Amino acid sequence: MSFKEGKSRRVLARVAAVAAAAGLGVAGLAGSASADVTIQQYVALGDSYASGVGAGDYADDGTDCYRSANAYAKQASVALGERLWFEACSGARVEDVVADQLDHLYEVNTEHVTIGVGGNDAGFSSVLGACAGTDTALCRTAITNARTVITDSLPAELDDLYTRVENRAFSAEVVVVGNPRLFNETACSGALAITPEEQALLNDAADLLAETTAAVAADHGFDFADPRAAFEGHGVCSADPWILGYTGTLESFHPNAAGQDAYADVVIPLLDY
C-alpha cells in the first residue's frame, strides 16, 4: 500500500466513522454508555521520549512511566481539544506497546494517534553505557549491534505494531514520531566521557533509526514527525541544550521541557484532519 493510498483510505474511513458516530449518538441516547462513544480522542503511544522523561512534572499515577505534563502529547491534546489517553511509558519496547498500550484505540472516536518507539528495542541505553568509558572498541561493537537490530528485526516489529493500530483505529490520523540526534559532537562533562568521534557514530545510528522508522511508517501511509532538524544545535554539550546530558538518573540523555516544546512544534502540525 502506498503512502497516498493509506492516507486516502483513512480519510474515507474518517468520514464513515463520523457518520457512524452521529448514528450512535442518536440511537444510543437511551443508553448509559453512549455519552463517551462520540468524544473525540487522541491516543499517545510509545517510550520515554513520548512519555516526557526529562521534562519534569511527572504524573503521580501509580506507574513508573514518568508521564510529564510538559510532554508533546499533553500539548497536542490541548491544541486538538481532544481527550488524551496518555499510554506512553518509560522503558517501553515495541512489544510493550503492543501488550499494554492499545486498549484505548477505538474504531469510531479515536481521531489521532502518535507512536514514538524503537530506541529501547535497539538498546540505546546500553549502547550509551558501553560508550561512556574509555574502551572505544566496546563502544563501536555496541553501536554495530544496535544498527543490526534496527535493520534486521525492528522493521517487522514496527510493521506489526502499525498494522494493529490501523486495525483498531482505522479512521484515525496516525503520526509516527522519531527521535533527535543526541549529541553536539563536542566534549563536555555532560557527555559522560563519550568522545566527539563516538558521538558522531551514535548520531549516525540515530539517523538510521529515523530513516528505518520513517520507511515503515510510509508503508502504512502514516506521517513521520522528524525532530532532527528542529534539534540541530541543541544536543548535549550545546550552548542551549534541549537534550539533558548525564544526570545520574533515568532522565539522562532525554529531552528537557524545551525539547518537548520543540517536539510539539514538529508533531502538532501533522495532526490534521
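This one's a predicted model, so the numbers in the text were calculated from it and none came from an experiment.

In the predicted model, the chain carries a mean pLDDT of 89, and 86% of its residues have values of at least 70. Across residues 15-37, where pLDDT falls below 50, the model places 14 contacts with residues more than four positions away in sequence or in other chains.

Our focus in this paragraph is the side chain of T114. With respect to the element layout, T114 can be found in strand β3 (residues 110-116). A polar contact of 2.9 Å, which involves the side chain of T114, links it to the side chain of Y42. In this view, T114 contacts Y42, V43, A44, L45, Y72, V175, V177, V267 and L271; residues no more than four positions away in its chain are not counted.

Turning to the UniProt feature "active site" (unreviewed entry) in the chain, a few remarks are in order. Mapped onto this numbering, the UniProt entry annotates "active site" (unreviewed entry) at S48 and H254. Considering the C-alpha atoms alone, the annotated residues occupy 207 residues of sequence yet fold into one spot, their largest mutual distance being 8.0 Å. Filtering the just-named annotated residues for those lining the largest pocket gives S48 and H254. Position of S48 among the secondary structure elements: in helix α2 (residues 48-51).

Pairing between side chains becomes possible if they bear opposite charge and their charged atoms approach one another. Considering all chains together, one arrives at seven salt bridges under this definition. Linking D160 and R164 is a salt bridge whose minimum nitrogen-to-oxygen distance equals 3.0 Å. A residue pair is termed a helical-turn pair when its members lie 3 or 4 positions apart in one helix, as D160 and R164 do in helix α7 (residues 154-168) at four residues. Since its relative accessible area comes to 39%, R164 is described here as partly exposed.

In contact at an axis separation of 8 Å, helix α5 (residues 124-131) and helix α6 (residues 136-152) are set at 165° when each is read in the N-to-C sense. Comparing their axes, α6 and α5 come out roughly antiparallel. Crossing of α5 over α6 shows left-handed handedness. Facing α5, whose interface residues are F124, V127, A130 and C131, α6 presents L138, C139, A142, I143, A146 and I150.

The next subject is unusual backbone geometry. In the Ramachandran plot, E185 falls in the positive-phi region, its phi being about 60° despite a non-glycine side chain. Within the secondary structure layout, E185 lies in the loop between β4 (173-177) and α8 (196-219). What makes E185 partly exposed here is its relative accessible area of 37%. Not every positive phi belongs to a glycine, and F253 is a case in point at roughly 60°.

The rules behind these values
Residues numbered from 1 in each chain as written. Predicted model: local features only at pLDDT ≥ 70, side-chain atom pairs only at ≥ 80, totals over all residues. Heavy atoms only, no water. pLDDT = per-residue confidence, 0-100. Contact = heavy atoms within 4.5 Å. Helix = DSSP H or I, 4+ residues; strand = E, 2+ residues; numbered from the N terminus. Polar contact = N/O pair within 3.5 Å; in protein donor to acceptor, adjacent residues only side chain to side chain. UniProt positions renumbered as here; feature names shortened; annotations may be inferred. 1 Å grid on protein atoms, 1.4 Å probe; cavity = no way out; pocket = protein on both sides within 12 Å on 5 of 7 lines; lining within 4 Å. Salt bridge = Lys/Arg side-chain N within 4 Å of Asp/Glu carboxyl O. Buried < 20%, exposed > 50% of the residue type's maximum accessible area, 1.4 Å probe, protein only. Axes fitted to C-alpha atoms, helices over the stretch in contact; angles between N-to-C directions. Parallel < 35°, antiparallel > 145°, perpendicular 65-115°, else oblique. Left-handed = near helix turned anticlockwise from the far one by under 90°.

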